[in-house]
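So the chains spell out like this:
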Amino acid sequence: MSGNGEPELYYADYLQLKRLLGAQLPESRRRGAEAHDEMLFIIVHQVYELWFRQILHELDAVLQIFGGEHLDERSLGGICAKLERITVIQHLLVEQIDVLETMAPQDFLEFRDLLVPASGFQSVQFRAIEAKLGLRGQERPGGSGYRRFQPEDARYLKSLQQQPSLFDRVDAWLARIPFLQDEHYDFWACYRDTIQEIFDSDRRVIEQHPQLTPDERRQQLEQLQRSRRQFDCLFDPDDFEQQRAAGHVRLSRLAFQAALFIHLYRDEPLLQQPFRLLKLLVEIDEQLTAWRYRHALMVQRMLGSRIGTGGSSGHEYLRKSAERTQIFTDLFNLASYLLPRSRLEPLPPALARKLDFHFSTLSRG
Ligand code: HEM
Ligand SMILES: N[C@@H](CC(=O)c1ccccc1NC=O)C(=O)O
């Protein structure tokens, strides 16, 4: 007994080890001829599901903070800490594929047929992570495919589609960010002027370059014109909405502008944390894609061109899915719109002061 009359906590009880370690039940054993590697197969999957659980725990906390009334710098720090934890777990998830690849394809065949029609397709937690991040289902080749789930799971996953995702929350937060415009400053107008100057000077370089043949010059000018049109779409609200409707951009225009502002002026103290947040979202998305490609390669190695137990074409389906399931594509693509620091218009002093940390300007007296 402990001092307060409660029974002493015991390691195995605290961690529910009886239940946890009693939960590896190879299908091949049940059918009378145990395949040695099925234990590894089960444990690797269970470990994945445990880490998925932790990722969802972090994502739910982040979504809850984002859903609150007010998002100050302090909560932004908490959000970043949780997202960073997710990225560290994701690195493990990618690495963990190595463990499963110690199973020879032939040894997998010992028990594979017993698994039909079950498949990773049916991982509810994996789909929940995707949905909470902002994947809407139709991106996956062949559609969202909820028909493979038991009715209760399908209902749960469909209900997630109705709730605001991290993508939606970040879009709304970015669109609300102040600083981009006041009576003395218009970020968008400044940015546009700088871009025009850069295009004009690039055009002069091409026109006057002594080593270009007329053909090369024409090709380069055409290329420049194409990039210019890409930028024009950013400046024209109707054009931007058209791009959005066609699915080429997902962020709202205001959010896109704010994300660009944060990237360009990320050295300003108050923008450092928002920059970190955007970087972490890209990292999470990149790690998810890295996992999908690694999983697809493992599948090719294990199955060659066989179809999956879940009924898909196997590794081909998975590669296509890896190409189509990026969520924060607009944040990746921001790189096309960045400027070198040397070309960046300095912020007006009043705005720079607003974006400064105050403790650095306060003396202890
Ligand atoms: C020998 C190892 C594995 C093989 C051969 C394999 C094979 C496959 C195949 C063929 C699919 C496509 C669906 C189907 O037709 O069955 C699939 C989907 C999936 N697998 Fe695996 N898998 C393996 C291990 C894992 C592991 C360890 C996980 C971790 C949880 C996992 C998670 C998933 C997920 C989440 C999907 C759905 C992906 C999507 O629809 O985008 N798989 N797997
Ligand atoms: N889909 C795999 C089988 C498989 O890997 C699997 C089967 C049941 C539960 C989880 C699985 N893992 C990932 O898809 C196959 O076609 O061989």
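Here is what the cut-offs are and how they apply
- Residues numbered from 1 in each chain as written.
- Chains lettered and ligands numbered in written order.
- Predicted model: local features only at pLDDT ≥ 70, side-chain atom pairs only at ≥ 80, totals over all residues.
- Heavy atoms only, no water.
- Core = buried A, V, L, I, M, F, W, Y, C linked by side-chain atoms within 4.5 Å.
- Buried < 20%, exposed > 50% of the residue type's maximum accessible area, 1.4 Å probe, protein only.
- Helix = DSSP H or I, 4+ residues; strand = E, 2+ residues; numbered from the N terminus.
- Contact = heavy atoms within 4.5 Å.
- Donors = N, O, S within 2.8 Å, 3.2 Å for Na, K, Ca; no water.
- Axes fitted to C-alpha atoms, helices over the stretch in contact; angles between N-to-C directions.
- Parallel < 35°, antiparallel > 145°, perpendicular 65-115°, else oblique.
- Left-handed = near helix turned anticlockwise from the far one by under 90°.
- Nonpolar A, V, L, I, M, F, W, Y, C, P; charged D, E, K, R; others polar.
- Near = heavy atom within 4 Å.
- Polar contact = N/O pair within 3.5 Å; in protein donor to acceptor, adjacent residues only side chain to side chain.
- UniProt positions renumbered as here; feature names shortened; annotations may be inferred.
- Areas by Shrake-Rupley, 256 points an atom, 1.4 Å probe, with all protein chains shown as cover.
- Patch = residues over 30% accessible without salt bridge, like charges linked within 9 Å, V, L, I, M, F, W, Y side chains within 5 Å.
- Salt bridge = Lys/Arg side-chain N within 4 Å of Asp/Glu carboxyl O.

Attention now goes to the nonpolar core. Among the nonpolar cores identified, the biggest contains 98 residues, and Leu-83, Leu-166, Trp-173, Leu-174, Phe-187, Tyr-191 and Phe-261 are the most heavily contacted of them. Per-element tally for this core: the top contributor is helix H15 (residues 269–303), with 15 residues. Residues within four places of Leu-174 in sequence aside, it is in contact with Leu-254, Ala-255, Ala-258, Ala-259, Ile-262 and Leu-278.

With that settled, consider the coordination of the iron atom of ligand 1. With respect to protein ligation, the iron atom of ligand 1 binds only His-295 (NE2), at 2.2 Å. Structurally, the position occupied by His-295 is in helix H15.

Quick look at the packing of helix H4 (residues 38–67) against helix H8 (residues 124–133) now. Relative to each other, H4 and H8 sit at 25 degrees, their axes nearing to 9 Å. One way to sum up the angle between H4 and H8 is to call them roughly parallel. Seen from above, H4 lies across H8 with left-handed handedness. Between H4 and H8, the contacting residues are Glu-49, Phe-52, Arg-53, Ile-55, Leu-56, Leu-59, Asp-60 and Leu-63 on the first element and Gln-125, Phe-126, Ala-128, Ile-129, Lys-132 and Leu-133 on the second. Looking at the contact of H4 with H8, its residues break down into nine nonpolar, one polar and four charged.

Our focus in this paragraph is the site of ligand 1. Around ligand 1, the structure places 30 residues, and the nearest of them are Ser-119, His-295, Gly-310, Ser-312 and Tyr-317. In this structure, an oxygen atom belonging to ligand 1 sits 3.3 Å away from a side-chain N or O atom of Arg-127. Gly-310 is positioned such that a nitrogen or oxygen atom in its backbone is 2.8 Å from an oxygen atom of ligand 1. Among the secondary structure elements, those contributing two or more residues to the shell around ligand 1 are H4, H8, H15 and helix H16 (315–324). Here the shell around ligand 1 gets seven residues from one element, more than from any other, and that element is H15. Each residue belonging to the shell around ligand 1 can be placed in one class, and the counts come to 16 nonpolar, 11 polar and three charged.

Glancing now at the UniProt feature "binding site: heme" (unreviewed entry) in the chain. Under the UniProt annotation, "binding site: heme" (unreviewed entry) lies at His-295. Every residue in contact with His-295, bar those within four places of it in the chain, is listed here: Ile-97 and Leu-318.

Let us now look at the UniProt feature "binding site: substrate" (unreviewed entry) in the chain. Following the UniProt record, the feature "binding site: substrate" (unreviewed entry) maps to Phe-41, Ile-42, Ile-43, Val-44, His-45, Arg-112 and Thr-309 here. Assignment of secondary structure puts Phe-41 in helix H4. For Phe-41, a relative accessible area of 17% gives the class buried. Sequence-distant contacts of Phe-41, defined by excluding residues within four places in its chain, comprise Leu-100, Met-103, Phe-108, Phe-111 and Leu-115.

For the rest of this paragraph, the subject is the site of ligand 2. Taken together, Phe-41, His-45, Phe-108, Arg-112, Leu-115, Ala-118, Ser-119, Gly-120, Leu-303, Gly-308 and Thr-309 form the complete shell of residues around ligand 2. Between a nitrogen atom of ligand 2 and a side-chain N or O atom of His-45, the distance comes to 2.7 Å. Between ligand 2 and the protein, one listed contact pairs an oxygen atom with a backbone N or O atom of Gly-120 at 2.8 Å. Summarising the interface, the protein chains cover 79% of the accessible area of ligand 2, which totals 390 Å² for the free molecule.

Looking at where Ala-255 falls in the secondary structure, it is placed in helix H14 (residues 253–264). For Ala-255, a relative accessible area of 0% translates into the label buried. A C-alpha to C-alpha distance of 36 Å links Ala-255 and Arg-218, two positions 37 residues apart in sequence. Sequence-distant contacts of Ala-255, that is, excluding residues within four places in its chain, are made with Asp-171, Leu-174 and Ala-175.

Glancing now at a nonpolar patch on the surface. There is a patch of nonpolar side chains on the surface, built from Leu-9, Tyr-11, Tyr-14 and Leu-15 and spanning about 520 Å² of accessible area. Under the relative-accessibility criterion, Tyr-11 is labelled exposed at 60%.

The next thing to look at is unusual backbone geometry. The peptide bond linking Val-116 to Pro-117 adopts the cis configuration, its omega dihedral lying at 5 degrees. For Pro-117, the location among the structural elements is in the loop between helix H7 (105–112) and H8. Positive phi, normally seen in glycine, also occurs at Gln-16, with a value near 55 degrees. Position of Gln-16 among the secondary structure elements: in the loop between helix H1 (11–14) and helix H2 (17–21). When its relative accessible area of 40% is taken as the criterion, Gln-16 is described as partly exposed.

Attention shifts here to the environment of Leu-254. Mapped onto the elements of the fold, Leu-254 is located in helix H14. Among the residues examined, Leu-254 registers a relative accessible area of 51% and is labelled exposed. The spatial distance from the C-alpha of Leu-254 to the C-alpha of Val-47 is 41 Å, given a sequence separation of 207 residues. The contacts of Leu-254, once residues within four sequence positions are left out, are Leu-174 and Ala-175.

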